[in-house]
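# Breakdown of the fold
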Amino acid sequence: MKIKKILTAFLALAMTAAVMTGCQSASTDSSSTGSGSSQSSTDSSAATELSGSVSTNGSTSMEEVIGALSEQFMADNSGVTVSYDPTGSGTGIEAAKNGTCDIGLSSRALKTDGTEDGLVGTTVALDGIAIIVNANSKVADLTVDQIAQIFTGEITDWSDVGGDAGTIACIGREAGSGTRDGFESITGTEDKCKLNQELTSTGAVIEAVKNNAGAIGYASLSAVEGKDGIKAITVGGVECTEENISNGTYEIQRPFVLVTKEGAELSPAAQAFFDFALSDDAASLIEGAGAVPAPDAE
């Protein structure tokens, strides 16, 4: 009897040990499976995180807008770097065409005469071209016709338009500039302007007008706001403001355009930046940069 009891007890202990071993194995397998699931989730998240670079090239007038958009986009996507090369609209359009940048920047609409075929222009914002004079000038308002006559040399003295007597110095942009193209097309002065200085950036025009009491020039509203030494005059009695650009009452305005190559696929980072620039989230950034968000992407 004693031997039978001992054998029974031994068998009971063996069975208990087997059950516990099985539970431990199941627990380990379950833990291993859970860990694998968690790792898979982490890997999936990492795979969807944006990385790489986005190159933009073109309009100097779009500096404030592109700067604001790029800064926020990079803050939201730490793995992406957005670069901006302020070369002028013509160069930016060409860079988009030959593939040396991801997105070209133009402060004028693309031409439809065949010279810019194969490209797509998408309006991201509207911008007023402010007519600027030295801060000490008595001139506060000019009509579009008077502006045209000044820049074509028909009016050469400030006394003819309400200012102190003195020779007018016209400051403008270089050929290929989107600002120049917009200004001349709206004022009807294409290939007729007689410039005292022809400069290659918006900032240079502002500085030239600031340093010359008899100067007049044109520059993007987004670049003019808050600048000392100059003032933006009204055109036909209408101020160059975001509101007046949006409602169309300020006459001298043009689009800010993102230029891409038709049929060419953007990288995931470049496409994400392009989409962000056109999103509702970007509207306040564009307004903060002194431009008007485009009512509809074109």
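What you are looking at is a predicted structure, and each value in this text was computed from that prediction instead of being measured. (Residues numbered from 1 in each chain as written. Predicted model: local features only at pLDDT ≥ 70, side-chain atom pairs only at ≥ 80, totals over all residues. Heavy atoms only, no water.)

Applying the stated criterion across every chain, the model contains six salt bridges. When the shortest N-O distance is used, the salt bridge between Glu184 and Arg180 registers 2.9 Å. Taken together, the residues span about one helical turn, with Glu184 and Arg180 both in helix H5 (residues 178-187) at a distance of four residues. Overlapping salt bridges, with partners in common, bring together Arg180, Glu184 and Glu198 in one network. (Salt bridge = Lys/Arg side-chain N within 4 Å of Asp/Glu carboxyl O. Helix = DSSP H or I, 4+ residues; strand = E, 2+ residues; numbered from the N terminus.)

The interhelical angle for the contact between helix H2 (residues 63-76) and helix H9 (residues 268-277), taken along N-to-C directions, is 120 degrees, at an axis separation of 11 Å. What the angle tells us is that H2 and H9 run oblique. Along this stretch, H2 crosses H9, giving a crossing that reads as right-handed. Contact residues: H2 offers Leu69, Ser70, Gln72 and Phe73, while H9 offers Ala269, Ala272, Phe273, Phe276 and Ala277. The residue makeup of the contact of H2 with H9, split by class, is seven nonpolar, two polar and no charged. (Axes fitted to C-alpha atoms, helices over the stretch in contact; angles between N-to-C directions. Parallel < 35°, antiparallel > 145°, perpendicular 65-115°, else oblique. Left-handed = near helix turned anticlockwise from the far one by under 90°. Contact = heavy atoms within 4.5 Å. Nonpolar A, V, L, I, M, F, W, Y, C, P; charged D, E, K, R; others polar.)

As a further point, take H9. Restricting attention to buried positions, one finds in H9 the residues Ala269, Ala270, Phe273, Phe274, Phe276 and Ala277. Viewed end-on, H9 has its buried residues packed into an arc of 165 degrees, placing them on one side of the element. (Buried < 20%, exposed > 50% of the residue type's maximum accessible area, 1.4 Å probe, protein only. Arc of directions from axis to C-beta.)

Ranked by size, the top nonpolar core spans 40 residues in total, and within it Ile131, Ile132, Phe151 and Ile216 carry the most contacts. Secondary-structure elements contributing two or more residues to this core are strand E4 (119-134), helix H4 (144-151), strand E6 (169-173), helix H6 (202-210), strand E8 (215-220) and helix H7 (221-224). In terms of residue count, E4 provides more of this core than any other element does, six residues in total. Residues contacting Ile216, with those up to four places away along its chain left out, are Ile131, Ile132, Val133, Leu142, Ile150, Phe151, Trp158, Ile168, Ala169, Cys170, Ile171 and Val209. Listed in part, the 25 residues of the second largest apolar core include Val54, Ala282, Ile286 and Ala291. (Core = buried A, V, L, I, M, F, W, Y, C linked by side-chain atoms within 4.5 Å.)

So, about the pairing of E6. Of all five residues in E6, five are buried, a share of seventy percent or more. Going residue by residue along E6, you find Ala169, Ile171 and Arg173 tucked away on one face and Cys170 and Gly172 tucked away on the opposite face as well. When E6 meets E8, the two strands line up parallel, connected through two bridges. Bridge pairing in E8 places Ala169 opposite Ala215. Note that E6 and strand E7 (residues 197-199) share three bridges and pair parallel. (Pairing = 2+ DSSP bridges.)

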